[in-house]
Structures are given as structure tokens and as C-alpha cells.
Amino acid sequence: MNSPIVEIGLTDWSQAHPEPEWTRAVEAGKVLYFPKLGFQLQPQEQALLREELLKAGTRNVSLGADGLLKGAAGNEQEQQALAEMVGRFRQQALQLVDDLLPEYKGLLRLAPTSFRPKQVENRAQSVRADDRRMHVDAFPSRPNYGERILRVFTNLNPQGAPRVWRLGDDFEAVARQFMPRAKPYRLWQAKVLKALHVTKSLRSEYDHLMLQMHDLMKFDETYQKSGTQTTMPFPPGSVWVCFSDQATHAVMSGQYMMEQTLYLPPGHEVDPASSPLAILTRLAGRPLVGVGAGKAL
Ligand code: SIN
Ligand code: FE
């Protein structure tokens, strides 16, 4: 397997001089890794690195595109400080992506920014929700019809703990392995899920296949243990960027991370043929979204 990482020595969030190969690499499912691009905490923000600032029953603190903070516990002052910290990361992440991947300028849609104070090793969760298992990101309740999930991450750990990821084989290899095992798409089932408000809109065959890949990967013990993979410890004071619907990944350990999600409409990649939608469509041999999709099923 070729290295799933492309290292970039940038030291300043606003000084990226784009190189076309970076866009090509991220669109091929690589992780762009910036070992020297840390997020600077203000001295008073050190006190925000506490798991108790997460509201009981939530996974992350998140700052919505509307500027509203969700999932935070703590007093008003602490919540304000959290919103400021996460908001500052948002600005820097947006600037970085604009400079680094200029082809997407004006096309990206802002999604929430999250602060994740939980210790990954101790999280108890179902297999399906367990991100310590290799997967590609796919949303069960929000069909996206091939819209891309671009994510910027930074490790904030104050004790020097890396955020350890595993990175797997390229998307097409994984799709070839798991697609034959996917349950067939049924339009009537998608309609039932929508009517029951399990999904916010009609689940397309693309969304169905992405979820099937997500689940089949997570439940396959042999793949989890012996599939092609590389372990990558992202140290505190580093940043990494990937299309998380394409880069096969798992998070094994770490605590205190921030993440910015951006959505790119389908077909707006520099090389749309490298996208999960194009790859799955090619492998299926029929349209998976839009006109013509779902026929004869
Ligand atoms: C994930 O998207 O699987 C989570 C990544 C992380 O928490 O580091
Ligand atoms: Fe994930």
C-alpha cells in the first residue's frame, strides 16, 4: 500500500501556497498532515481541556454554522470561552482550506465545528458507533447524495498524548471487497425510513451503499485485525485534513481534539472520477442517485 499520508511543512495557518498535487492527493483519499501547524491555545483556555465540560449523554461539544454552541456543560463563562476557542479554530480551518485547496473556494458549505474532550480509549459504545473500528464516514439519518465530507482536525492534548489513527487501503480496494456483501437497495424501504423520519430525506442507493460499507467494515473482525492498515500517531500541535467519506480510518486513542467539517457538493472535485460516488457508480454499473437511480429495484 502507498503511504496514506502526505506531509506538508506549513507553519502558519494563512501562508499556504497551494500546489495542485495536494488537491489531487486529498481527492485520492490521502490525509494531508501538517506536523508544525498547531492551534495556539490562550493561557486561560487550558482550563477548558476537561471532560466535565461535555454535557452528559453527548459525544462532542459543537458549534453550529449558526454560531450556537451545543453539547457543553459548565457555567455561562466557560461556555462562552468554549465558543470562542472553537470559533477561532473554525476561522483558521476555513482559511487553511481556502488557501490549500483553492479549487473549492466558494463551493464549500459550512457544517458544525466540534470539540471532542472524551478519552477515546475509554469510550463504551456499540460496534456501529465505535470509531476505533476502521470505517468510512456515512450518516444514517442524513442522506447526502454524494456530497463530500471534508474534515480538518487538530490535536490539543496538553499531556503530549498523540491522537492515534489507523489508515487503511484506498477506497476502491475497500469498495471492491465490501460491495459484493452489501444488502440490495430497496426503494420502498427508503420510503418507509423517510416516512418514519428515520432519515431526513429519501435515502439514495449511494447513501445505502456507503452505510453498508461503514457497517460491514466495522463488523468484520478479520478486516479490522488484518486488513491493510498503517498506524499514524498525530502529535499535539499538529493538523490533518481528509475526505473522511473516502479515507478509511479509525481512531485508537487520544483526548482533546477539534474538528471542522465542510461539505463539497457532488461533482465539484477537480477529478470527480476519484470520488466515492463515481467509484461506487462504476462498480455498480448503474446510477446511484438522481434520475435513473432506483429503477427496477
Ligand atoms: C472519526 O471520524 O472516526 C473520529 C476521528 C477522531 O475522533 O479522531
Ligand atoms: Fe470517522
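Just above, that's the structure.
Asker: An account of the coordination of the iron ion (ligand 2) is requested, with residue identities and associated values reported.
Answerer: Protein-derived ligands of the iron ion (ligand 2) are His135 (NE2), Asp137 (OD) and His249 (NE2), with the metal-ligand distances lying across 2.1 to 2.2 Å. For the iron ion (ligand 2), all donor residues lie on one chain, and their spacing in sequence is H-x1-D-x111-H. With a gap of 112 residues between them, Asp137 in the loop between β5 (109–116) and β6 (148–155) and His249 in strand β10 (residues 249–253) connect regions that are remote in the sequence. On the basis of relative accessible area, His249 is assigned to the buried category, the value being 6%.

Asker: Tell me about the environment of Ser201, and please be specific about residues and values.
Answerer: Relative to the assigned elements, Ser201 resides in the loop between α4 (187–195) and α5 (205–219). A relative accessible area of 23% places Ser201 in the partly exposed class. Filtering out sequence-adjacent residues up to four positions away, Ser201 remains in contact with Pro143, Tyr145 and Lys194.

Asker: Could you give an account of the packing of α5 against helix α7 (residues 276–284), naming the residues involved and the relevant values?
Answerer: Where α5 meets α7, the closest approach of the two axes is 11 Å, and the angle between their N-to-C directions is 95°. Here α7 runs roughly perpendicular to α5, going by the angle between their axes. Together, Tyr206, Leu209, Met210 and Met213 of α5 and Pro276, Leu277 and Leu280 of α7 make up the contact between the two elements. Considering only residue class, the contact of α5 with α7 consists of seven nonpolar, no polar and no charged.

Asker: Explain the site of ligand 1 to me, using residue names and the numbers behind them.
Answerer: Within the structure, ligand 1 sits among Arg116, Asp131, His135, Asp137, Arg163, Trp165, His249, Val251 and Met257. Between ligand 1 and Trp165, the relevant distance is 3.0 Å, taken from an oxygen atom to a side-chain nitrogen or oxygen of the residue. Put simply, the parts of the chain that give the shell around ligand 1 at least two residues each are β7 (163–168) and β10.

Asker: Describe unusual backbone geometry, naming the residues involved and giving the relevant values.
Answerer: Peptide bonds are trans in most cases, and residues, glycine excluded, mostly fall at negative phi. You will see that Tyr145, though not glycine, has its phi angle at about 55°, which is positive. For Tyr145, the location among the structural elements is in the loop between β5 and β6. Since its relative accessible area comes to 31%, Tyr145 is described here as partly exposed. If you check the backbone angles, His197 has positive phi at about 60° while not being a glycine. By relative accessible area, His197 is classed as exposed at 70%.

Rules used throughout
- Residues numbered from 1 in each chain as written.
- Chains lettered and ligands numbered in written order.
- Predicted model: local features only at pLDDT ≥ 70, side-chain atom pairs only at ≥ 80, totals over all residues.
- Heavy atoms only, no water.
- Donors = N, O, S within 2.8 Å, 3.2 Å for Na, K, Ca; no water.
- Helix = DSSP H or I, 4+ residues; strand = E, 2+ residues; numbered from the N terminus.
- Buried < 20%, exposed > 50% of the residue type's maximum accessible area, 1.4 Å probe, protein only.
- Contact = heavy atoms within 4.5 Å.
- Axes fitted to C-alpha atoms, helices over the stretch in contact; angles between N-to-C directions.
- Parallel < 35°, antiparallel > 145°, perpendicular 65-115°, else oblique.
- Nonpolar A, V, L, I, M, F, W, Y, C, P; charged D, E, K, R; others polar.
- Near = heavy atom within 4 Å.
- Polar contact = N/O pair within 3.5 Å; in protein donor to acceptor, adjacent residues only side chain to side chain.

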